[in-house]
Structure formats: C-alpha cells, structure tokens
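Below are the chains, spelled out letter by letter.
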Amino acid sequence: MSNPRSASTPTVASTPCCEPLVSSALSERDAEHMATMFKALADPIRLQLFSRVASHPDGEACVCDISDVGVSQPTVSHHLKKLREAGLLTSERRGTWIYYRIAPASMASLSALLAL
C-alpha cells in the first residue's frame, strides 16, 4: 500500500527564495556591544536624554539644557554616564558644564542593525 501523503508532498527547493539581508551574522563581540547599547536605551529616562541630545539644534547639549526629565540631577548624571559607557554619547567638559554629543559610530551601528 502506498503512502498517500508522499505523492502529494511538495518538494522543497534547495535554494532560498531571496537573498539574505546581511552578508554575515553578528559576531559574539558585536552582539554584546549592540546589546549594551540597546540595554542603555531601554530605560525611558535614558531614551529621553538620548533623544534630547540627538535633537538639540547645536548638535550637542549641555547637561543644564536636558536635565528636566523628572528626576534629580544626580540621577540625570548617572543615566548620562550609562549612555556614555554604552558608547552612545561622547562628552566634553567646558568649565563647570559637560556637553554631550551623539557618538556617530554607534548611531551608524544601531541604524544598520535596525534597518534590517
């Protein structure tokens, strides 16, 4: 007796239907680095601060310009430090103030991964 399913089972093509989205998968090191950036951005206050720096008209923002996010100044400093440690922001001290900029390489990495 023949198996009725075997006669009607379509053959699976040996070649994929479309090209892969990227040329290679993330390395373990790159995946860890990207995960660190995403973890830093996963906090709502950090995401707000990051957005304020990114959207600032001068391309950089003084901590005094972006600190009104509903938490204390020490907490803002802590969150900005975490964003710097994740490689998302760079900073420069000028007198008593610290100015923050978006780290272009990190933005390019995040954009490339999210564009998939």
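Parameters at a glance
Residues numbered from 1 in each chain as written. Predicted model: local features only at pLDDT ≥ 70, side-chain atom pairs only at ≥ 80, totals over all residues. Heavy atoms only, no water. Pairing = 2+ DSSP bridges. Helix = DSSP H or I, 4+ residues; strand = E, 2+ residues; numbered from the N terminus. Contact = heavy atoms within 4.5 Å. Axes fitted to C-alpha atoms, helices over the stretch in contact; angles between N-to-C directions. Parallel < 35°, antiparallel > 145°, perpendicular 65-115°, else oblique. Nonpolar A, V, L, I, M, F, W, Y, C, P; charged D, E, K, R; others polar. Core = buried A, V, L, I, M, F, W, Y, C linked by side-chain atoms within 4.5 Å. Buried < 20%, exposed > 50% of the residue type's maximum accessible area, 1.4 Å probe, protein only.

**Student:** Which parts of the structure should I look at to understand the sheet that holds strand S1 (residues 61-62)?
**Tutor:** The strands making up a sheet associate through hydrogen bonds between their backbones, and the pairing can be parallel or antiparallel. Ordered by their spatial adjacency, three strands build an open sheet running S1-S3-S2, and the pairing between neighbours is antiparallel. Unpaired on one side and paired on the other, S1 and strand S2 (89-94) mark the two borders of the sheet. As judged from the six bridges shared by S2 and strand S3 (residues 97-102), these two strands associate in the antiparallel manner. For Glu92, the partnering residue across the bridge sits in S3 and is Tyr99. Against the sheet, helix H3 (residues 44-55) makes contact with S1, S2 and S3, and its axis sits at roughly 85 degrees relative to S3, the strand it touches most.

**Student:** Which parts of the structure should I look at to understand the pairing of S3?
**Tutor:** Within a regular strand, side chains alternate between the sheet's two faces. As paired strands, S1 and S3 are joined by two bridges and run antiparallel to one another. Across the sheet, residue Ala61 finds its bridge partner in S3, namely Tyr100.

**Student:** Explanation requested: the packing of helix H2 (residues 28-41) against helix H6 (residues 104-114) in the structure shown.
**Tutor:** Put simply, H2 and H6 touch, their axes get as near as 11 Å, and they point 95 degrees apart. Taken together, the axis directions place H2 and H6 in an arrangement best described as roughly perpendicular. Residues Met34, Met37, Phe38 and Leu41 of H2 pack against Ser106, Ser109, Leu110, Leu113 and Leu114 of H6. Classifying every residue of the contact of H2 with H6 gives seven nonpolar, two polar and no charged.

**Student:** Can you walk me through the nonpolar core in this structure?
**Tutor:** Considering soluble globular proteins, one finds that nonpolar side chains tend to be buried as a cluster. By size, the foremost hydrophobic cluster in this structure holds 22 residues, and its most contacted members are Leu49, Phe50, Val53, Leu80, Leu83, Leu88 and Leu89. Those elements that place two or more of their residues in this core are H2, H3, S1, helix H4 (63-66), helix H5 (73-85) and S3. Once residues within four sequence positions are removed from consideration, Leu49 is found in contact with Ile66, Val69, Val76, His79, Leu80 and Leu83.

By themselves, these figures tell us nothing about what the structure is for.
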